[in-house]
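The chain contents come next:
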Amino acid sequence: MPPSRHSNIGRQPSQLRIRLVPPITVILGSMVTALPIITDYPILPPMGLLILLAWRLIRPGYWTVWAGFPLGLIDDIFSGQPFGSAAFLWSVVFILLEAIDRKAVNRDYWQDWLIASIATVFVLLGGMLIVDLQSHMLRLDLLVPQILLSILLYPFIVRLIGALDRWRVAS
């Protein structure tokens with residue numbers, strides 16, 4: 001008896017879904033910074049970066065080393081940072097993650113959280129340095145709430161991306 005048309009037996013996940021879900025979620029995360037939230041200080045975490053890090057740490061072989069560059073350019077469009085700053089910083093993070101993946105045999109959840117936290121701090125500090133390069137008025141104390149919120153939000157993002165990844169590859 002052949003399987004019914006409503007059965008999942010024998011069905012493969014769509015190649016389009018497998019390929020497009022990760023980049024689309026990163027782009028949507030980058031678009032969050034375009035929401036009309038008015039504050040005196042930067043508080044909104046870099047959602048595109050957090051989603052990208054979650055995908056990269058969950059599925060290390062999915063992204064190529066250069067994938068941070070175009071996704072960083074898209075993030076620059078929505079974040080208002082100088083064009084190319086996130087592209088450069090995300091590329092550096094991807095190169096460092098590739099080096100870590102070549103050295104480390106196994107990583108656990110806590111190590112991934114630490115890696116993502118360090119990468120987020122690096123990108124936020126690097127972004128501030130790029131923006132304030134000419135004015136020389138670095139106010140690192142303004143970034144502390146954004147850094148803390150980003151680090152504390154990362155486990156939630158990983159759970160969300162893990163659920164999306166299970167749906168993405170499910171038949």
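An account of the accompanying structure is given in this report. Keep in mind it's a predicted model, so treat the numbers as computed, not measured.

1. A word on the side chain of Arg17
Structurally, the position occupied by Arg17 is in helix α1 (residues 15–31). Within the buried core, Arg17 has no salt-bridge partner, and the shortest N-O distance to an opposite charge, that of Asp165, equals 9.5 Å. Looking at Arg17, its side chain comes within polar contact range of the main-chain oxygen of Ala170, at 2.6 Å. Contacts of Arg17, omitting those with residues within four sequence positions, involve Trp167, Arg168 and Ala170.

2. Regarding the pattern of salt bridges
Charged atoms that come close allow side chains of opposite charge to pair. Using the criterion set out here, one finds seven salt bridges in the structure. Between Asp165 and Arg59 there is a salt bridge, with its nearest N and O atoms 2.7 Å apart. You can see Asp165 sitting in helix α6 (residues 144–169) and its partner Arg59 sitting in the loop between α2 (47–58) and α3 (68–79), a full 106 residues away along the chain. Judged by relative accessible area, which is 6%, Asp165 ranks as buried.

3. With respect to the side chain of Ser30
Inspection of the secondary structure puts Ser30 in helix α1. On the basis of relative accessible area, Ser30 is assigned to the buried category, the value being 1%. At a separation of 2.9 Å, a polar atom in the side chain of Ser30 contacts the side chain of Asp75. Every residue in contact with Ser30, bar those within four places of it in the chain, is listed here: Gly48, Asp75, Phe78 and Trp90.

Rules used throughout
- Residues numbered from 1 in each chain as written.
- Predicted model: local features only at pLDDT ≥ 70, side-chain atom pairs only at ≥ 80, totals over all residues.
- Heavy atoms only, no water.
- Helix = DSSP H or I, 4+ residues; strand = E, 2+ residues; numbered from the N terminus.
- Buried < 20%, exposed > 50% of the residue type's maximum accessible area, 1.4 Å probe, protein only.
- Lys, Arg positive; Asp, Glu negative; His and termini not counted.
- Salt bridge = Lys/Arg side-chain N within 4 Å of Asp/Glu carboxyl O.
- Polar contact = N/O pair within 3.5 Å; in protein donor to acceptor, adjacent residues only side chain to side chain.
- Contact = heavy atoms within 4.5 Å.

No statement about biological role is implied by the geometric values presented.
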